[in-house]
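Close look at the chain arrangement
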Amino acid sequence: MTKIHVTTFINAPIERVFNLSRSLALRKMAFKGAREQLLSSAAANMVDAGETITLRAKHLGKTREITARVTDFTLPDGYTEEQIKGDLKSFRHEYHFKKVENGTIMIDLLEYENPRDLVGSLTGKFFLKSYFEKNVKKKNDLIRQYAESEKWKAVLS
């Protein structure tokens, strides 16, 4: 099992950062220009407990998907997305938020096992960790940009 830990400081209130992390609009922006597509069962613009999110990506000529359900939802402390269907043997992404004097510390903890098929398993060893880290950091940078400016109002209103 591969583990990834990304810590991001954001100079904004915890509730704003928490809600921006749940924003489907921001997540879609983070994937703009890439070969990924985000689908969701969410009725609103923000994912909530029990809802599903599907990430569809095309890599090495094959379309791969991960469908995860939002679990362990505690506002504003964090939530978890766990794979319920997909190409990976397992996938779990925990989002943790900690209020600090001058803002919020956001901690992403990912655990996954490489895809089940031979090609996916081999490429996963060399590709997936950097792929997931890059996507988390890109999304977190976007959350920071919105949370630390007035842009957040357009996404959360």
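Presented here is an overview of the structure given in this document.

Parameters at a glance
Residues numbered from 1 in each chain as written. Predicted model: local features only at pLDDT ≥ 70, side-chain atom pairs only at ≥ 80, totals over all residues. Heavy atoms only, no water. Helix = DSSP H or I, 4+ residues; strand = E, 2+ residues; numbered from the N terminus. Pairing = 2+ DSSP bridges. Contact = heavy atoms within 4.5 Å. Core = buried A, V, L, I, M, F, W, Y, C linked by side-chain atoms within 4.5 Å. Buried < 20%, exposed > 50% of the residue type's maximum accessible area, 1.4 Å probe, protein only. Phe/Tyr/Trp six-rings, centres within 6.5 Å; stacked < 30°, edge-to-face > 60°.

Concerning unusual backbone geometry
- Residue Pro-76 is bonded to the preceding Leu-75 through a cis peptide linkage, with omega at -5°.
- Mapped onto the elements, Pro-76 comes out in the loop between strand E4 (62–74) and strand E5 (78–86).
- We note that Asp-72 has phi near 45°; this positive angle belongs to a residue other than glycine.
- With respect to the helices, strands and loops of the structure, Asp-72 is situated in strand E4.

Focus: the pairing of strand E7 (residues 103–115)
- As defined by bridge partners, strand E1 (residues 2–10) adjoins E7 across nine bridges and the pair is classed as antiparallel. Looking at the pairing, Thr-8 lines up with Met-106 of E7.
- Alignment of strand E6 (residues 88–100) against E7, held across twelve bridges, turns out to be antiparallel. Bridging across to E7, Phe-91 finds its partner in Tyr-112.
- Where E6 hands over to E7, the hairpin turn is made up of two residues, counted between the paired strands.

Examining the environment of Arg-69
- Within the secondary structure, Arg-69 sits in strand E4.
- Residues within four places of Arg-69 in sequence aside, it is in contact with Gly-50, Glu-51, Thr-52, Thr-80, Glu-81, Glu-82 and Ile-84.

As for the nonpolar core
- Among the nonpolar cores identified, the biggest contains 36 residues, and Val-17, Phe-97 and Phe-132 are the most heavily contacted of them.
- Those elements that place two or more of their residues in this core are E1, helix H1 (14–22), helix H2 (24–31), strand E3 (52–59), E4, E6, E7 and helix H3 (118–147).
- With eight residues, H3 is the largest single contributor of residues to this core.
- Among residues more than four places away in sequence, those in contact with Phe-132 are Ile-4, Ile-66, Leu-88, Phe-91, Leu-110 and Tyr-112.

Quick look at the environment of Lys-153
- Note on placement: Lys-153 falls in helix H4 (residues 152–156).
- Residues Lys-153 and Val-100 lie 53 residues apart in sequence; the distance between their C-alpha atoms is 22 Å.

Here's the deal with H1
- Burial runs high along H1: seven of the nine residues are buried.
- When H1 is considered as a whole, its buried residues turn out to be Ile-14, Val-17, Phe-18, Asn-19, Leu-20, Ser-21 and Arg-22.

Some thoughts on the packing of aromatic side chains
- As enumerated under the stated definition, the model contains ten aromatic pairs in all.
- Here Phe-18 and Phe-73 contribute two aromatic rings whose centre-to-centre distance is 5.5 Å and whose plane-to-plane angle is 70°, an arrangement assigned as edge-to-face. Within this pair, whereas Phe-18 is found in helix H1, its partner Phe-73 is found in strand E4, the two being separated by 55 residues in sequence.
- For Phe-18, a relative accessible area of 0% corresponds to the buried category.

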